[in-house]
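Commentary on secondary and tertiary structure
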Amino acid sequence: VFRRSSDPYLAWFESEVAAHQHRLYGFARYQLRDEEEARDVVQETLLRLWTNRSKIDRAMSTAWLTRVCRNACIDRLRKRRTRQPADLPIDDVFADDATPADVTLHDGDMRERVLALLDDLAEPYRSLVILRDIQDLSYDEIASAMDLPLNTVKVYLHRARKRLRTRLLDDVRHEC
Amino acid sequence: MLRNEMKLDTLDDRINAYLDGELAQPSVENLLREADSNPAVRAELDRAKSLRWTLRSLDDSIAPPDLAESVLGEARRTSHQIERPPVARAARGRRLVSSLAAAAMIVIAILLVVPGPAPDPAETYTEQEVAQALEDIYTAFAIVSQVGERTGRIVRDEALMGRTIEPVRNALKGVVGPQDTQL
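A brief report on the enclosed structure follows.

Definitions and limits used
- Residues numbered from 1 in each chain as written.
- Chains lettered and ligands numbered in written order.
- Predicted model: local features only at pLDDT ≥ 70, side-chain atom pairs only at ≥ 80, totals over all residues.
- Heavy atoms only, no water.
- Helix = DSSP H or I, 4+ residues; strand = E, 2+ residues; numbered from the N terminus.
- Contact = heavy atoms within 4.5 Å.
- Buried area = accessible area lost by both parts, 1.4 Å probe.
- Salt bridge = Lys/Arg side-chain N within 4 Å of Asp/Glu carboxyl O.
- Polar contact = N/O pair within 3.5 Å; in protein donor to acceptor, adjacent residues only side chain to side chain.
- Nonpolar A, V, L, I, M, F, W, Y, C, P; charged D, E, K, R; others polar.
- Core = buried A, V, L, I, M, F, W, Y, C linked by side-chain atoms within 4.5 Å.
- Buried < 20%, exposed > 50% of the residue type's maximum accessible area, 1.4 Å probe, protein only.
- Disulfide = S-S within 2.5 Å.
- Axes fitted to C-alpha atoms, helices over the stretch in contact; angles between N-to-C directions.
- Parallel < 35°, antiparallel > 145°, perpendicular 65-115°, else oblique.
- Left-handed = near helix turned anticlockwise from the far one by under 90°.

**Quick word on the overall build of chain B**
Along chain B, the regular secondary structure elements total eight helices and zero strands. In sequence order, the secondary structure elements of chain B are arranged as α-α-α-α-α-α-α-α. Taking the intrachain contacts of chain B between residues at least 6 apart in sequence as the baseline, contacts between residues at least 24 apart amount to 53%.

Below, the structure is given as C-alpha cells:
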C-alpha cells in the first residue's frame, strides 16, 4: 500500500496516512459506534488533507486531522439526531441523566460498561476522554485539535473522569 | 508539589494528576500512604486506575485494510493536479514585470526612433542625460531578454522597425547578441 513515491507531496501524504489512519478510525468508531460510517469519515478526513496538502502546516497535522475528523463525526451525529452532540453546559457531563440503556447491571465486563458510559458522555467530554485516556494524545495536541484553552481541557477531562467513575460505582452498587 | 501549576484542592484532583503523571514523587508517596491507611481513598484510587486501564485497553482500533489503498489511490490519481501556488505566482509575477518592461521599452524606443517635430533649441540634452537614457533602454532590454525569443522579435519588429539609432543598436547587441540586431 505504501509504495515510495518521487512526488514529495505524495510521499508525505503516504506517511501521514500510515501514521494516523488507525487512530482516526478509532476516534470515529468510538464517536459514531458504526464501523462503516467511521470508515467513511476517516476517508473523507484523509482526502481533505490531500486536497489541502499545499496549505497544511505539517507540524500541526495531528491536530488538524483530529479537528476535521471530529467535526465530521459531529456533523453525522447531528444528522442522526440520536445523540446530543453539541457542547452542553459545563455541568451536563452526560447527555442523558438516565442510566445508560446499554449498561446491563449484571454485566461483569468492565470494558463493555465503560464503552456504554463513554457512548453516553456528552461533547466535548467524550472527545476529551477518547483523545487523552484512550489514544494518549498530549494535552497540547488536544487543546489545539479542539480549539480549547489548555486549562479548560484539563478541567473538563477531570470532570469527565470523575463522572465516569461515579457512574461505574453506581452500577456496581446497583448490582449489589 | 505539582509539576505544573494546577491547584490540587481535592483528592480527585490529586488522583487525576497522579494518573496523568503530573504529581511529583513526594506527593505520589503521600497519596499512596493515604490510600494504605484510608480504605475510601484506596477504593477511589483503585477505581480511577481501573477506569484508566480499561480506557487504555480500548485503543485497539485497526482501520479496514482497503481504507489506505482507497485514499492513496485517489491521491496518486490526482497527484498531477498538484497546485504549486508559490512557484506559479512567482512565474506570473515575473511575466507581468517583463511585459510591463517590454511595453515601457517599446514606448521609449518609438520615442527615440520616430522622428518628431523639430527640436526646440531649449530642449537639448546633456551627454549625461543621453547616457542615462541609453542605460535605461539597456536595462529594459535586459529585462525583456528574460522572457524569450518571441518578445525579442516583437520588440524588434514592432518598435525598432529597422530605424534604430546607433546607440540603441549597440545597447541591443549587448543584450541579445549581434545575430538578433540585423535590423
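Now that the structure is up, let's keep going.
**Points about the interface of chain A and chain B**
Where interface size is quoted, it is often the accessible area lost as the parts come together. Listed per partner, the contact involves 42 residues of chain A and 41 residues of chain B. Summed over both sides, the interface between chain A and chain B buries roughly 4000 Å², with carbon and sulfur atoms accounting for 58% of that surface. The interface formed by chain A and chain B holds eleven salt bridges in total. Put simply, A:Lys154 and B:Glu22 hold a salt bridge, and the shortest N to O gap is 3.3 Å. Counting across the chain A and chain B interface gives 19 residue pairs in polar contact (both at pLDDT 80 or more). Contributing elements (two or more residues each) for the side of chain A that touches chain B: α1 (8–32), α2 (35–51), α4 (110–120), α5 (125–134) and α7 (150–175) of chain A. At eleven residues, the largest contribution of residues to the side of chain A that touches chain B is made by α1(A). Here the residues of the side of chain A that touches chain B are counted per class, giving 21 nonpolar, seven polar and 14 charged.

**Let's talk about the nonpolar core**
Judged by nonpolar contacts, the single largest core of 56 residues is most densely connected at A:Phe13, A:Ala28, A:Leu46 and A:Val129. Of all the elements, α1(A) adds the most residues to this core, at eleven residues. Contact partners of A:Val129, with chain neighbours within four places excluded, come to A:Leu118, A:Leu121, A:Ile134, A:Leu157, A:Ala160, A:Leu164 and B:Leu55. Counting ten residues, the second largest nonpolar core, distinct from the first, contains B:Ile15, B:Ala17, B:Leu23 and B:Ala48.

**A short note on the state of the cysteines**
All told, the structure shown has zero disulfides over all chains when counted by the stated rule. Lacking any disulfide linkage, A:Cys69 is separated from the closest cysteine sulfur, that of A:Cys73, by 4.5 Å.

**Comments concerning the pattern of salt bridges**
Counted under the stated rule, the structure contains 27 salt bridges over all chains. Ionic pairing is found between B:Asp20 and A:Arg132, a salt bridge with its closest N-O pair at 3.3 Å. Linking B:Asp20 in the loop between α1 (11–19) and α2 (25–37) with A:Arg132 in helix α5, this pair reaches from one chain into another. A:Arg161 serves as the salt-bridge partner of A:Asp133, at 2.8 Å between the closest nitrogen and oxygen.

**What to know about the packing of α1(B) against α2(B)**
All names here are of chain B. Running from N to C, α1 and α2 cross one another at 120°; their axes reach a closest spacing of 11 Å. In terms of orientation, α1 and α2 fall into the oblique class. Pair α1 / α2 crosses with left-handed handedness. Residues Leu11, Arg14 and Tyr18 of α1 lie in contact with α2, whose contacting residues are Val28, Leu31, Leu32 and Glu34. Here the contact of α1 with α2 is composed, by residue class, of five nonpolar, no polar and two charged.

Remember, this is a structural readout, not a statement about activity or role.
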